[in-house]
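Residues per chain are reported as follows:
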Amino acid sequence: MQKIIAILFFLLLFSKEMQAQKRELRAAWIATVANIDWPSKPGLPSVEQQEQFNHRLDELKYLGCNAAIVQIRPCADAIYKSSIEPWCYYLTGRQGEPPFPYYDPMLYMVEETHKRNMEFHAWFNPFRALMNSSMNNNPSNHVTRAHPEWIISYGGKSYIDPGIPEAREYVIKVIIDVVKRYDIDAVHLDDYFYPYKVGTTPFPDNKSYAQYGNGADREEWRRNNVNEFIYLLNKNIKAVKPYVKLGVSPFGIWRNASKDPEGSATRGGQTDYDDLYADVLLWLRKGWVDYLMPQLYWEHHNHAAPFDVLMPWWEQHTYSRHIYYGLGVYRMVGARSGAWASCKELLSQIREIRQSTRTPGYAFYSASSFDKIHLPISDSLHFGYTRLPAFPPVMPWLDTTAPQSPILKAVPSAQGTLLQWKANNPNNKMLRYVVYRFINDEPINLDHNEKIIYVQTDKTECVDVNSNRFRKCTYVVTAMDRLWNESKASNKQIVSQDQ
């Protein structure tokens, strides 16, 4: 206990230095496959599922997160109401069966996430069909039953073949169905398109290659299949909802320098380009994705893939898109020696991201890891790094038009100061409001996130119960749209104890 108190005292002492600037994506993955993060087991009553999800969000909020990346399609199935694919076993305990009592988890999750002023990134595994090829308890509308000609078994799992144009179109259709029907902020794809290689066994796509390859080099053909998928997916997303982002969390190594002088000085056994057939740098250059979140789950000075080599390498290859970084907090679970046996490695990675990147951002893999770590990592993050609010960086290629400034009124009282504002929102868009308080004669500066006292969605009033502690308070309010473009400050309101 004394050790924990000493750590917290140290963090509080130096917290101002370590706190982030106002713009930083902070996220965590919530995996549903195999019930890794949520729900804790299949078939829980709906109320218990909801309580567990709220608990996950509250944990992430304590960690300062402003986005949740939630896996809603683990194996060509659905953690949401779908007319295309069956309900997921990991949710209900029986593939194809809805939750009981009935509710739509996606509607619930998106609403709860937005209540906490966090983005909801809908995470799809695009081509995985079965976790175990020898077990298929799916109903007739599952893709393995409806289109067995699209399915390839490899390494004990089954996949939708990316080499079949109709199969790629099907996956896009599934994703766009979610974009149309739910108020999500981003579509998020994970690391593999073609699966990771299993030893020296080749991926058995001879049939689709013979039909569609047209004599092309097979590796180039595979990459082109994935390129076509990403291009069309982004085009379709933006045609439906231009503000919905497309993000991908690729494996952390694009190519090794031994294969390509543009590659990183790493010795990865597999890479995006050569093994997963994902030319993620091309997607950045072409503007087909809004962000990448490479999975940098290695420590500094790792012998094959050091964090201190990879993070700067990715930062040199942004091509005017955003790159955030996936951090392997799961490595701390059960660690008793080495780099992950203390909080130092993870915290140093966050510091370097803040100090060295154009658009700072990171995501933790994964949410439930924080339940299992014996170190006080959650408190270290909260008190030293994430206590102050931060907002995701803006994406100017999507939208640069900020909302109009609110009009503010302040009403002092013995119980505190009531702040009320009117929004200029003629198109009735989703808006968040940021309330700033400057004490005594501090100048108004919206870059100082320590001056933020409230962030609210839609509500247009709040009470500052602490206002009477200060001689004078100056308040302003700004409006933020769903892409985090911030208005100019409202008119200022001054409340003085001398009045």
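Just so you know, the residues in each chain are numbered from 1, in the order the chain's sequence is written. Whole-chain, interface and lining totals are the exception, using all residues; otherwise, since this is a predicted model, local features are given only for residues with pLDDT of at least 70 and side-chain atom pairs are given and counted only at 80 or more. Side-chain figures throughout are based on the complete set of non-hydrogen atoms in the structure, without hydrogens or water.

## Focus on the side chain of Glu24
Part 1: Along the polypeptide, Glu24 turns up in the loop between helix 1 (2-18) and strand 1 (25-30).
Part 2: Here's how the labels work: a residue is buried when its accessible area is under 20% of the maximum for its type, exposed when over 50%, partly exposed in between, all with a 1.4 Å probe on protein chains only. Among the residues examined, Glu24 registers a relative accessible area of 1% and is labelled buried.
Part 3: Counting of polar contacts relies on pairs of N or O atoms within 3.5 Å, with two restrictions inside protein: one atom must be capable of donating a hydrogen and the other of accepting it, and residues adjacent in sequence are counted only when both atoms are side-chain atoms. At 2.7 Å, the side chain of Glu24 and the side chain of Arg354 are in polar contact.
Part 4: In this structure Glu24 touches Asn66, Arg354, Pro360, Gly361, Tyr362, Ala390, Phe391, Pro392 and Pro393, once residues within four positions along its chain are discounted. Only runs of H or I of at least four residues qualify as helices and only runs of E of at least two qualify as strands under DSSP, and these elements are numbered from the N terminus. Note on definitions: a residue-residue contact is assigned when non-hydrogen atoms from the two residues lie within 4.5 Å.

## Some words on the environment of Leu388
Part 1: Examined against the element boundaries, Leu388 turns out to sit in the loop between helix 14 (377-386) and strand 14 (407-413).
Part 2: Along the primary structure Leu388 and Lys22 are separated by 366 residues, whereas in three dimensions their C-alpha atoms are 8.3 Å apart.

## Considerations on the sheet that holds strand 4 (residues 128-130)
Part 1: The pairing criterion is simple: DSSP has to find at least two bridges between the two strands. The three strands are arranged 4-6-5 in an open sheet whose pairing can be described as antiparallel. Each having just a single partner strand, strand 4 and strand 5 (151-154) make up the two edges of the open sheet. Neighbour to neighbour, the strand axes of the sheet diverge by 40 degrees on average, direction disregarded.
Part 2: In the sheet, strand 5 pairs with strand 6 (residues 157-160) via four bridges, with the strands oriented antiparallel. Each bridged residue has a counterpart across the sheet, and for Ile152 the counterpart in strand 6 is Tyr159. Orientation is described by axes fitted as lines to C-alpha atoms, over the contacting stretch for helices, and by angles from 0 to 180 degrees between their N-to-C directions.

## Examining the pattern of salt bridges
Part 1: By convention in these notes, a salt bridge is any Lys or Arg side-chain nitrogen within 4 Å of a carboxyl oxygen on Asp or Glu. Here the structure, examined in full by the defined rule, presents 27 salt bridges.
Part 2: Residues Glu24 and Arg354 are paired through a salt bridge, measuring 2.7 Å at the closest nitrogen-oxygen approach. Residue Glu24 is located in the loop between helix 1 and strand 1, and its partner Arg354 is located in helix 12 (residues 344-356); the two are separated by 330 residues in the primary sequence.
Part 3: Among the salt bridges present, the one from Arg482 reaches Asp185, with a minimum N-O distance of 2.8 Å. Linking Arg482 in the loop between strand 19 (472-480) and strand 20 (493-496) with Asp185 in the loop between helix 6 (165-181) and strand 7 (186-189), this pair joins segments that are 297 residues apart in sequence.

## Details of the packing of aromatic side chains
Part 1: Stacked, tilted and edge-to-face are the three classes applied to pairs of Phe, Tyr and Trp rings, where Trp contributes its six-membered ring and a pair requires centres within 6.5 Å; stacked means planes under 30 degrees apart, edge-to-face means over 60, and tilted covers the rest. Within the structure shown, the criterion is met by 30 aromatic pairs.
Part 2: Note on Tyr362 and Phe364: the rings are 5.2 Å apart at their centroids and 55 degrees apart in plane angle, and the pair reads as tilted. Across the pair, exposure class does not vary: Tyr362 and Phe364 are buried alike.
Part 3: Aromatic ring contacts, followed pair by pair, group Tyr159, Tyr192, Tyr196, Phe251 and Trp298 into a single cluster.
Part 4: Looking at Arg321, its charged tip hangs above the ring of Trp397, at a distance of 4.2 Å from the centre.
Part 5: The residue whose ring lies beneath Arg432 is Trp484, and the NZ or CZ to ring-centre distance is 3.8 Å. When the NZ atom of lysine or the CZ atom of arginine is within 6 Å of a ring's centre and also within 35 degrees of its normal, the charge is said to sit over that ring.

## Comments concerning unusual backbone geometry
Part 1: The peptide bond linking Phe100 to Pro101 adopts the cis configuration, its omega dihedral lying at -15 degrees.
Part 2: Inspection of the secondary structure puts Pro101 in the loop between helix 3 (89-92) and helix 4 (105-115).
Part 3: Of note in the backbone geometry, Asn117 takes a positive phi value of approximately 60 degrees without being a glycine.
Part 4: Here Asn117 shows up in the loop between helix 4 and strand 3 (119-124).
Part 5: The backbone of Tyr319 sits at a positive phi, close to 50 degrees, despite the residue not being glycine.

## A few points about the sheet that holds strand 17 (residues 452-457)
Pairing between sheet strands relies on hydrogen bonds along the backbone, with the strands arranged either parallel or antiparallel.
Part 1: A sheet is described by the order of its strands in space; here four strands give the open sequence 17-16-19-20, paired in antiparallel fashion. The open sheet has two free edges, formed respectively by strand 17 and strand 20, since each of these has just one partner strand. In this sheet, neighbouring strand axes are inclined to one another by 20 degrees on average, regardless of whether the strands run parallel or antiparallel.
Part 2: Pairing analysis gives five bridges linking strand 16 (residues 432-439) to strand 17, with the strands arranged antiparallel. Looking at strand 17, one finds that Tyr436 is bridged to Ile452.

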